[in-house]
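What follows is each chain in one-letter form.
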Amino acid sequence: GMDFVTGAALPTPALTGAQVIEENLDVAAGQRVLVTGAAGAVGRFAMRAAKARGAHVVAAVRATARTEALALGADEVIVLDGSAYDGPAFDRIADTVGGEMVATLCRKVAADGRIVTVATNPIPAEGIPVDIAFVGVHPDATRLARVLDWAASGVIPVSIADRLPLARAAQAQERVDAGGTGGKIILEP
């Protein structure tokens with residue numbers, strides 16, 4: 001039900017986002033869940049999985065992604081700019097960004113809360129009241145079929161930033177490392 005490019009862009013971020021919420025954070029109905037990078041490839045699926053479990057989802061995104069985060073189902077949006085957050089504590093935090101800007105928000109996790117990150121940019125732990133767990137994705141055919149349905153039905157649009165020939169892999173990696181691509185970059189042989 002989708003083209004090759006969308007199918008290539010989907011499995012890893014979709015599974016990662018769903019697994020963080022469903023397995024690693026064990027999100028429950030009514031919890032306040034912060035998803036950093038909620039409009040990104042992993043974040044959008046984490047947000048959808050949290051909403052499916054009945055959570056109140058707060059999306060932390062760049063200012064340019066505010067409208068998109070709301071369209072994807074966020075209950076609230078915080079602009080991820082490192083400024084102080086003075087809202088209620090979060091029960092769970094699903095991080096896809098890492099770094100000091102996220103640390104500022106992580107300091108607002110409840111004392112019995114949980115934080116999981118998939119970002120390779122470490123979150124400075126100073127002042128954060130709980131441990132931060134780093135997780136990776138693992139194969140899961142049943143869950144993959146479910147999250148693929150979210151994309152195929154249009155519930156979660158898959159954003160493709162660019163399609164490049166394999167010979168330009170180094171350029172693609174530089175763009176990914178710089179962040180803010182607005183979608184997946186697909187390399188085509």
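Look up: the structure comes first, before these words.
As the structure is a prediction and not an experimental result, all values here were calculated from the model.

## With respect to the side chain of T104
Here comes step 1: Relative to the helices and strands, T104 is located in helix α5 (residues 100–106).
Here comes step 2: With near-sequence residues (within four places) excluded, T104 lies in contact with G82, S83 and A84.

## Quick look at the environment of G82
Here comes step 1: Relative to the assigned elements, G82 resides in the loop between β3 (76–79) and β4 (90–95).
Here comes step 2: A relative accessible area of 34% means that G82 is categorised as partly exposed.
Here comes step 3: Measuring from C-alpha to C-alpha, the distance between G82 and V130 comes to 20 Å, with 48 residues separating the pair along the chain.
Here comes step 4: Dropping the residues within four chain positions of it, G82 is found in contact with M101 and T104.

## Some details on unusual backbone geometry
Here comes step 1: For D26, which is not a glycine, the phi torsion comes out positive at approximately 45 degrees.
Here comes step 2: Following the sequence through the fold, D26 ends up in the loop between α2 (11–24) and β1 (32–36).

## Description of the side chain of R32
Here comes step 1: Counting through the fold element by element, R32 comes out in strand β1.
Here comes step 2: Look at R32 and you get buried, because its relative accessible area is 12%.
Here comes step 3: Ignoring anything within four residues of it in the chain, the contact list for R32 reads H56, V58, E76, Y85, P88, A89, F90, D91 and R92.

## Quick look at the sheet that holds strand β2 (residues 56–61)
The strands that make up a sheet pair up through hydrogen bonds in the backbone, lying either parallel or antiparallel.
Here comes step 1: With parallel pairing, the six strands of this open sheet are ordered in space as β3-β2-β1-β4-β5-β6. Every interior strand has two partners, whereas the edge strands, β3 and β6 (132–134), have only one. Ignoring which end each strand starts from, the neighbouring axes of this sheet average 20 degrees apart.
Here comes step 2: Examined bridge by bridge, β2 and β3 share four bridges and lie parallel to one another. Counterpart to V61 in the pairing with β3 is V79.
Here comes step 3: Packing against the sheet, α2 makes contact with β1, β4 and β5 (109–117), and its axis sits at approximately 145 degrees to β5.

Basis of the calculations
- Residues numbered from 1 in each chain as written.
- Predicted model: local features only at pLDDT ≥ 70, side-chain atom pairs only at ≥ 80, totals over all residues.
- Heavy atoms only, no water.
- Helix = DSSP H or I, 4+ residues; strand = E, 2+ residues; numbered from the N terminus.
- Contact = heavy atoms within 4.5 Å.
- Buried < 20%, exposed > 50% of the residue type's maximum accessible area, 1.4 Å probe, protein only.
- Pairing = 2+ DSSP bridges.
- Axes fitted to C-alpha atoms, helices over the stretch in contact; angles between N-to-C directions.

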